[in-house]
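Report on the structure
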Amino acid sequence: MTAQSEHHDVVPPMGTLAELRAALRVWGIPGDADDFERELADADLDDLTKVREITQAYRHRVLLRCNPQAMAALMRGTEDVAFELGQKMAAERNAR
């Protein structure tokens, strides 16, 4: 079994708006469910591109919360990320 299929075993169903709403209540960051409803209410429902953008953005938030590696990356401090980026840039300069 690949890492990707293992990851999908813990992802809640989000094929409908009702399923996405339920996933946001359980897996979303506090306030996500309310923000989703507000953005959807403010959108022109005839603008399917906008509705799709909103639903995809919130589905992505749930997917991030279901992925321990993604959450660990999001929790990293600025100093840690800046240090790692500096290390990579120095190694790249030295490789030239």
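Our subject is the structure listed above.
Here the structure is a predicted model, which means the values were calculated and not measured.

Calculation criteria
Residues numbered from 1 in each chain as written. Predicted model: local features only at pLDDT ≥ 70, side-chain atom pairs only at ≥ 80, totals over all residues. Heavy atoms only, no water. Core = buried A, V, L, I, M, F, W, Y, C linked by side-chain atoms within 4.5 Å. Buried < 20%, exposed > 50% of the residue type's maximum accessible area, 1.4 Å probe, protein only. Helix = DSSP H or I, 4+ residues; strand = E, 2+ residues; numbered from the N terminus. Contact = heavy atoms within 4.5 Å. Phe/Tyr/Trp six-rings, centres within 6.5 Å; stacked < 30°, edge-to-face > 60°. Patch = residues over 30% accessible without salt bridge, like charges linked within 9 Å, V, L, I, M, F, W, Y side chains within 5 Å. Areas by Shrake-Rupley, 256 points an atom, 1.4 Å probe, with all protein chains shown as cover. Salt bridge = Lys/Arg side-chain N within 4 Å of Asp/Glu carboxyl O. Lys, Arg positive; Asp, Glu negative; His and termini not counted. Charge placed at Lys NZ, Arg CZ, Asp CG, Glu CD. Axes fitted to C-alpha atoms, helices over the stretch in contact; angles between N-to-C directions. Nonpolar A, V, L, I, M, F, W, Y, C, P; charged D, E, K, R; others polar.

Here we look at the nonpolar core
Grouped together as the largest cluster of nonpolar side chains are 13 residues, with contacts concentrated most on Met14, Leu20, Leu24, Phe36, Ile54, Tyr58 and Val62. Among the secondary structure elements, those contributing two or more residues to this core are α2 (17-27), α3 (32-42) and α4 (48-66). Take this core: its biggest share by element is 5 residues, from α4. With residues near it in sequence (within four places) discarded, Phe36 still touches Leu17, Leu20, Arg21, Leu24, Ile54, Thr55 and Tyr58.

What about the packing of aromatic side chains?
Counting across every chain of the model gives 1 aromatic pair. Relative to Tyr58, the ring of Phe36 has its centre 5.3 Å away and its plane inclined at 65°; by these criteria the two rings are edge-to-face. A residue pair is termed long-range when its members are at least 10 positions apart, and Phe36 in helix α3 and Tyr58 in helix α4 qualify at 22 residues. Look at Tyr58 and you get buried, because its relative accessible area is 4%.

A look at a negative patch on the surface
Where like charges cluster on the molecular surface, the negative patch consists of Asp44, Asp46, Asp47 and Glu53. Summarising the element assignment, Asp44 is placed in the loop between α3 and α4.

Details of the packing of α2 against α3
When two helices pack together, their arrangement is given by the angle between their axes and by how far apart the axes lie. At a closest axis distance of 8 Å, the pairing of α2 and α3 adopts a crossing angle of 145°. Between α2 and α3, the contacting residues are Leu17, Leu20, Arg21, Leu24 and Arg25 on the first element and Asp32, Ala33, Phe36, Glu37 and Leu40 on the second. Its residues assigned to classes, the contact of α2 with α3 shows 6 nonpolar, no polar and 4 charged.

Scope: geometric values only; no functional claims are made or implied.
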